[in-house]
Amino acid sequence: MSEIPTIEQYLKNIEERHFKAYKCSGCGMVLALPSGACYGCGSNKMDWTEVSGKGKLVAFTVIHVAPDEFAEEAPYYVAIIELEEGSRISARLSGFDPLKPEEVKLGTPLVLTYEKGKSGKTYLAFKAP
Amino acid sequence: MPLKNTNIVSAAQTKFGALEGVSLREMFSEAVDKATVEAGIPKKDIQAAFIGTFIPEMLVHQGHTAPLLLDYAGMRGLPATRHEAACASGATALRAAIMAIESGMYDTVLVAGAEKMTSVSTNKATEALAAAADDEFESSIGLTFPGVFGIAAVAHMEKYGTTEEDMAYVAVKAHKNASTNPLAQFQKEITLEKALMPRYIAWPLKLFDCSPISDGAAAVVVTSNEKAKKYTDLPVKIVGSGQASASMNLCDRSELVSFPASVRASKAAYEMAGMSAKDLDFAIVHDCFTIAELIATEDLGIFKPGEAAKAVREGVTQIDGDFPVNPMGGLKAVGHPVGATGVKQVVVAYRELLGEAGPNQIPKHDTGIVHNFGGTGASCVVTIMRRGDA
């Protein structure tokens, strides 16, 4: 793809189950979340890039009290995952019991997937490999 | 270089709580009256106003609030600006006032903050609060505001062994301190057992780990040295001020157990004042959640990283402890009307410094630090205050 990455397309990619990260044209840094400027070199020139889908769990929480939009889905995990490419992203966790958070180990390896919530939304999610 | 010319000559707040039948304008006006005419300061002496309020657009369907509120409070015509930095709105309003006084542009100004949160449903208020987090990438996947601090708690528990019980001790202290504060939203003590009740909001944070949704307002009058003499023999001086921003979303942070904006802002304030944490007698920190109080005291260098929990357990942060933190009950038990909080924290510090805190008076009170933190830590303002004769 040679078009300039946009936030709108980034979100559409997730909805269509084909996640793409930003990649800085200046230094090659992968940015899992869109940014107007590269955190590495400050360049504002970005491209799309595929990711391996592999990552590890950095931290998480379990949402019990959710806004109306997500109420049907509660309780659910929201986690911070560090991708193999070095950049972090927030996503749902898939396949982990939300009532047993004590059993979830930080640093555990994960792989990228997608999950359709009861609200009808498609979420980026990570599950055990 | 310590600030040379900024004085607080009066400070007041309304009761915080679910103030039924009291509007944003009325609360604002009450706080302003208490800090001006009732404190012997004529309103006509005020030259400009800096007002903090977070999201009245969503909460009371009102934007452009500064002139509106000032008009209601009887000061129509003054230059009036609204400052917004989520929960740090009040302190950013104060910072603007400091710059106005230190630059010599004005010599007598009003700083006030207010928020009316209970005229909408809890769900709507929660939605409004979520606007202080990254909507596009985090709120949109169902991360709530308590969730952000839940993540920080998980990271802190993993790295330092902090427990849910450690956090509960902070809540117990807050309610204990607020039980002798007639302006607090909650005025009953709670047991550790109650604080540990497993009503999870965002694991591991439970009901009693979270500050409430509240209404309230606070106001202070800030002047030059020259003008201070007109109103009081003993002003409180602002000697240091620091502010910093950070990424709003959690992914762009290398550390989740510390908030970079707090560290940066406090470093800047210490540097300006020519002080370090050792020179402080107490701290008023932003305890939007119990874990936030623990992390704030570490970020401000009051306790070493990972050691705040131990200090709380040992009673160090109690009113009669070696280093009191939030002696009047904090956000947790006094309430957190978002835009008012930053100004109310200054009111608390002012009263403690002057020895006017009644049953909540701390024994050593020459110098204090005030830490006001916005949203997920994307903004932080730190202010160092000292009693005029200290």
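This is a predicted model, so every value here is computed, not measured. (Residues numbered from 1 in each chain as written. Chains lettered and ligands numbered in written order. Predicted model: local features only at pLDDT ≥ 70, side-chain atom pairs only at ≥ 80, totals over all residues. Heavy atoms only, no water.)

Visitor: Tell me about the side chain of Ser-214 of chain B, and name the residues and values.
Guide: All names here are of chain B. Here Ser-214 is to be found in the loop between strand S6 (205-206) and strand S7 (216-223). Since its relative accessible area comes to 0%, Ser-214 is described here as buried. In terms of polar contacts, Ser-214 uses its side chain to reach the side chain of Gln-185, at 2.6 Å. Filtering out sequence-adjacent residues up to four positions away, Ser-214 remains in contact with Gly-17, Glu-115, Met-117, Gln-185, Gly-335, His-336 and Pro-337. (Helix = DSSP H or I, 4+ residues; strand = E, 2+ residues; numbered from the N terminus. Buried < 20%, exposed > 50% of the residue type's maximum accessible area, 1.4 Å probe, protein only. Polar contact = N/O pair within 3.5 Å; in protein donor to acceptor, adjacent residues only side chain to side chain. Contact = heavy atoms within 4.5 Å.)

Visitor: Could you give me a rundown of the state of the cysteines, with the residues and numbers involved?
Guide: Residues and elements named next belong to chain B. A full pass over the atoms with the stated rule returns 0 disulfides over all chains. Not part of a disulfide, Cys-87 finds its nearest cysteine sulfur in Cys-288, a span of 6.2 Å. Left unpaired, Cys-210 is separated from the closest cysteine sulfur, that of Cys-288, by 9.3 Å. (Disulfide = S-S within 2.5 Å.)

Visitor: Tell me about the interface of chain B and chain A, residues and numbers included.
Guide: Each partner contributes residues to the interface: chain B has 26 residues there, and chain A has 31 residues. Counting each side, the surface lost to burial between chain B and chain A is near 2500 Å², with a carbon and sulfur contribution of 67%. Considering only the side of chain B, the residues that lose the most area to chain A are Phe-137, Ile-141 and Trp-203 of chain B, jointly responsible for 28% of the buried surface there. Scanning the region where chain B abuts chain A turns up 9 residue pairs in polar contact (both at pLDDT 80 or more). Top contributing element to the side of chain B that touches chain A by residue count: helix H6 (residues 145-160) of chain B, with 5 residues. Residue composition of the side of chain B that touches chain A, grouped by class: 12 nonpolar, 9 polar and 5 charged. (Buried area = accessible area lost by both parts, 1.4 Å probe. Nonpolar A, V, L, I, M, F, W, Y, C, P; charged D, E, K, R; others polar.)

Visitor: Report on the sheet that holds S7 of chain B, specifying residues and quantitative values.
Guide: All names here are of chain B. Pairing in this open sheet of 9 strands is mixed, and the strands run S3-S2-S4-S7-S1-S8-S11-S10-S9 from one edge to the other. Sheet topology places strand S3 (80-83) and strand S9 (282-284) at the edges, where each strand pairs with a single neighbour. Each strand of the sheet is rotated relative to its neighbour by a mean of 25 degrees, with strand direction disregarded. Inspection of the sheet shows strand S4 (residues 108-115) paired to S7 by 8 bridges, in the antiparallel sense. Within the sheet, the bridge partner assigned to Val-109 lies in S7 and is Val-222. Helix H4 (residues 89-102) rests against strand S2 (48-52), S3, S4, S7, strand S8 (236-245), strand S10 (367-374) and strand S11 (379-387) of the sheet, and its axis sits at about 160 degrees to S2. (Pairing = 2+ DSSP bridges. Axes fitted to C-alpha atoms, helices over the stretch in contact; angles between N-to-C directions.)

Visitor: Now, about the packing of aromatic side chains: what can you tell me, with residues and values included?
Guide: Applying the stated criterion to the full structure yields 15 aromatic pairs over all chains. Their ring planes at 5 degrees and their centres at 5.9 Å tell us that Phe-60 of chain A and Trp-203 of chain B sit as a pair that is stacked. Here the residue Phe-60 of chain A occupies a position in strand S4 (residues 54-63), and Trp-203 of chain B occupies one in strand S5 (residues 200-203), the pair thus bridging two chains. Side by side, Phe-60 of chain A and Trp-203 of chain B carry an identical accessibility label, which is buried. Three or more aromatic residues joined by ring pairs form one cluster here, namely Tyr-10, Phe-19, Tyr-22 and Trp-48 of chain A together with Phe-137 of chain B. The residue whose ring lies beneath Arg-92 of chain A is Tyr-76 of chain A, and the NZ or CZ to ring-centre distance is 3.8 Å. For the cation-ring pair, Arg-92 of chain A lies above Tyr-123 of chain A, with the distance from its terminal atom to the ring centre recorded as 3.9 Å. (Phe/Tyr/Trp six-rings, centres within 6.5 Å; stacked < 30°, edge-to-face > 60°. Lys NZ or Arg CZ within 6 Å of the ring centre and 35° of its normal.)

Visitor: I'd like to hear about the pattern of salt bridges, residue by residue, with values.
Guide: All names here are of chain B. A full pass over the atoms with the stated rule returns 20 salt bridges over all chains. Put simply, Lys-44 and Asp-45 hold a salt bridge, and the shortest N to O gap is 3.4 Å. With relative accessibility at 12%, the residue Asp-45 sits in the buried group. Here Arg-313 ties to Asp-166 by a salt bridge, and the two come within 2.5 Å at their closest N and O atoms. Of this pair, Arg-313 sits in helix H12 (residues 308-313) while Asp-166 sits in helix H7 (residues 164-178); the two residues are 147 residues apart in sequence, bridging distant segments of the chain. (Salt bridge = Lys/Arg side-chain N within 4 Å of Asp/Glu carboxyl O.)

Visitor: Tell me about the packing of H7 of chain B against helix H11 (residues 290-299) of chain B, and please be specific about residues and values.
Guide: Residues and elements named next belong to chain B. It is the contact of H7 with H11, at a shortest axis distance of 8 Å, that shows an interaxial angle of 100 degrees. Relative to H11, the element H7 is oriented roughly perpendicular. When H7 is examined against H11, the residues Met-167, Val-170, Ala-171 and Lys-173 are found in contact with a partner set consisting of Thr-290, Ile-291, Glu-293 and Leu-294. Across the contact of H7 with H11, the residue classes tally to 5 nonpolar, 1 polar and 2 charged. (Parallel < 35°, antiparallel > 145°, perpendicular 65-115°, else oblique.)

Visitor: Account for the pairing of S8 of chain B, naming residues and giving values.
Guide: All names here are of chain B. Counting buried residues in S8 gives 7 out of 10 residues, a clear majority hidden from the surface. One ladder, built from 2 bridges, connects strand S1 (residues 7-13) with S8; its direction is antiparallel. Considered in S8, the bridge of Asn-7 is made with Lys-237. As defined by bridge partners, S8 adjoins S11 across 9 bridges and the pair is classed as antiparallel. Within S11, the residue paired with Ser-241 across the bridge is Thr-383.

Visitor: Can you explain the nonpolar core? Please cite residues and give values.
Guide: Phe-19, Ile-89 and Phe-126 of chain A together with Phe-149 of chain B are the most contacted members of the largest nonpolar core, which has 110 residues in total. Core analysis: the second largest hydrophobic core is formed by 35 residues, Leu-3, Ala-218, Ile-319 and Ala-357 of chain B among them. (Core = buried A, V, L, I, M, F, W, Y, C linked by side-chain atoms within 4.5 Å.)

Visitor: Mind laying out the environment of Asp-322 of chain B, listing which residues take part and the relevant values?
Guide: Note that Asp-322 of chain B resides in the loop between H12 and helix H13 (330-334). A sequence separation of 11 residues divides Asp-322 of chain B from Ala-311 of chain B, and the C-alpha atoms of the two residues are 9.6 Å apart.

Visitor: Summarise the confidence of the model for chain B; cite the residues concerned and give the values.
Guide: Confidence in the prediction of chain B, expressed as mean pLDDT, is 96, and 100% of residues score 70 or more. The complex model carries a pTM of 0.96, and its ipTM stands at 0.94. (pLDDT = per-residue confidence, 0-100.)

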